[in-house]
Amino acid sequence: MAEPRPNEEYYPLHTTTPRLLASFSPLLFMVLGIAAFVLQDRGLLVGPEGDADGLYQIDPEVTAGLVLLLTAALLLPVFSWGWWYIAAMSNARARSMHAGSPWMLPVSVLVMIGAVTVSVLLGEQQRIASSLLLGVAVLAYFMAAYGVLFSVRKSALAVKGETRHWNRLLWLPWLSMLLSVVLYSVAIATESAPVAVLAMLTPSMLSIWGWANWCMGMASFDRACRGYQVARDMNTDMPAFMMGQKALR
C-alpha cells in the first residue's frame, strides 16, 4: 500500500543557493588564515610573542575588515546549513511522511543559545540551576549536531536517496579524535618527529574528507528529492498496465 503524500501539488523549495553557500563557506577559514599570515608578514598583525600582554595586536586600518571576515567565517556555515536543512527537510517531508522534521535544527540551536544565556545570567547565585541549564545546552548541541545528521539520513532513506555520506559524517569526527590521541601518544612516547607531523596532518585530512562528504551528501539529497518528483510526474502520464508494480504506489 502506498504511503500517504501530504501534498501532491507541492512545489520544491529552493535549495541550490544555501547548498552552495554551505559547501564553500568552510573555505572562509582558509581565506582567514591566509589573510592573517599576509598581515603578520607585513607587520599589521603582531602575535602574542611580540606583545607584552601576550595578546594579538592588529593595525586599526585592517581591524574592521578582519573582524568582518572572521564573523562571516563563523556565521555563514551555520546560517547556510540551517537554511539548506529547513528547505531540504521540507521538500523531503512533502514527499514522504517518514522524513525528519525541518525544525529540529533551529529549535535545537535556539534552546542551546537560550540555556547558555540564562545560565550565564544566573551565575554563581543559583549554581544548581546554572549547571542544569548547561546540561540542557550540551544536550541541545548534540541534537543540533548528531540528531540532525540522523534526521537527514532518515529523510534520505525516505526519499530513496544515498545515505553513505551521512553515515561517514556520523563516525568521522570520532575516528579523527581517536587517531589524534593515538598518534600524539605514540609521538610523545617515541619522540618521533614524523609521527608528530602525521598526528597534525591526520585530523586535517579527515576534515577535508568530511567536508567532501558533506557537499556530496547535500547534492545527492537534492537530486533524490527532484528525482522523486520527476518520477511521479512521469508515472502519471503512463497507463497503469505499463507501470507494473509502480501502479500500486
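Anything mentioned here points back to the structure above.
Residues numbered from 1 in each chain as written. Predicted model: local features only at pLDDT ≥ 70, side-chain atom pairs only at ≥ 80, totals over all residues. Heavy atoms only, no water.

**Q** Whenever I open this one, the overall build of the chain confuses me. Can you help?
**A** Along the chain, the regular secondary structure elements total eight helices and two strands. When the helices and strands of the chain are listed from N to C terminus, the series reads α-α-β-β-α-α-α-α-α-α. Within the chain, buried positions represent 33% of all 249 residues. Partitioning the intrachain contacts of the chain with sequence separation of at least 6 by distance along the chain shows that 67% fall at a separation of at least 24. Summed over its atoms, the accessible surface of the chain is roughly 15,500 Å², and 71% of this surface lies on carbon and sulfur atoms. (Helix = DSSP H or I, 4+ residues; strand = E, 2+ residues; numbered from the N terminus. Buried < 20%, exposed > 50% of the residue type's maximum accessible area, 1.4 Å probe, protein only. Contact = heavy atoms within 4.5 Å. Areas by Shrake-Rupley, 256 points an atom, 1.4 Å probe, with all protein chains shown as cover.)

**Q** Can you walk me through the packing of aromatic side chains in this structure?
**A** Each aromatic ring pair is described using two quantities: the centre-to-centre distance and the angle formed by the ring planes. Here the structure, examined in full by the defined rule, presents eleven aromatic pairs. Here Trp-84 and Phe-221 contribute two aromatic rings whose centre-to-centre distance is 5.7 Å and whose plane-to-plane angle is 70 degrees, an arrangement assigned as edge-to-face. With Trp-84 in helix 3 (residues 60-95) and Phe-221 in helix 7 (residues 193-236), this pair connects stretches of sequence that are 137 residues apart. A relative accessible area of 2% means that Phe-221 is categorised as buried. Aromatic pair Tyr-141 and Phe-142: ring centres 5.7 Å apart, planes at 80 degrees, arrangement edge-to-face. Since its relative accessible area comes to 47%, Tyr-141 is described here as partly exposed. An aromatic cluster is built from Trp-81, Trp-84, Tyr-85, Trp-166, Trp-214 and Phe-221, whose rings are joined through pairwise contacts. (Phe/Tyr/Trp six-rings, centres within 6.5 Å; stacked < 30°, edge-to-face > 60°.)

**Q** Teacher, can you tell me more about helix 2 (residues 27-41) here?
**A** What sets the pattern is the α-helix's 3.6 residues per turn: residues three or four places apart point alike. If you check helix 2, its first and last C-alpha atoms are 21 Å apart, about what 15 residues at 1.5 Å a residue would give, namely 21 Å. Along helix 2, the residues classified as buried are Leu-28, Leu-32 and Leu-39. Projection of helix 2 onto a plane perpendicular to its axis shows the buried side chains occupying an angular sector of 45 degrees, all on one side. In helix 2, the exposed positions angled more than 90 degrees off the buried face are occupied by Met-30, Ile-34, Phe-37 and Asp-41. Gly-43, located one to two residues past helix 2, shows a positive phi value of around 80 degrees. (Expected span 1.5 Å × (residues − 1). Arc of directions from axis to C-beta.)

**Q** Explain the pattern of salt bridges here, please?
**A** When the charged atoms of two side chains lie near each other, side chains of opposite charge can form a pair. For the structure shown, the criterion picks out two salt bridges. Among the salt bridges present, the one from Asp-222 reaches Arg-19, with a minimum N-O distance of 2.6 Å. Within this pair, whereas Asp-222 is found in helix 7, its partner Arg-19 is found in helix 1 (residues 16-24), the two being separated by 203 residues in sequence. The class of Asp-222 is buried, set by a relative accessible area of 2%. On the basis of relative accessible area, Arg-19 is assigned to the buried category, the value being 13%. With a closest N to O distance of 3.2 Å, Arg-164 and Glu-162 form a salt bridge. (Salt bridge = Lys/Arg side-chain N within 4 Å of Asp/Glu carboxyl O.)

**Q** Would you mind showing me how to read the nonpolar core here?
**A** Within soluble globular proteins, side chains that are nonpolar generally end up buried alongside one another. By size, the foremost hydrophobic cluster in this structure holds 25 residues, and its most contacted members are Trp-81, Trp-84, Val-152, Trp-166 and Phe-221. Among the elements of the structure, helix 3, helix 5 (127-158), helix 6 (164-190) and helix 7 are those that each provide at least two residues to this core. It is helix 5 that contributes the most residues to this core, seven residues altogether. Sequence-distant contacts of Val-152, defined by excluding residues within four places in its chain, comprise Trp-81, Trp-84, Tyr-85, Met-89, Trp-166 and Phe-221. With eight residues, the next largest nonpolar core counts Leu-39, Val-62, Leu-66 and Leu-69 among its residues. (Core = buried A, V, L, I, M, F, W, Y, C linked by side-chain atoms within 4.5 Å.)

**Q** It is not clear to me how a nonpolar patch on the surface should be interpreted in this structure. Could you clarify?
**A** Residues Val-138, Tyr-141, Phe-142, Trp-174, Met-177 and Val-181 make up a contiguous nonpolar surface patch of roughly 610 Å² in combined accessible area. Broken down by secondary-structure element, the contributors of at least two residues to the nonpolar patch are helix 5 and helix 6. Mapped onto the secondary structure, Met-177 falls in helix 6. (Patch = residues over 30% accessible without salt bridge, like charges linked within 9 Å, V, L, I, M, F, W, Y side chains within 5 Å.)

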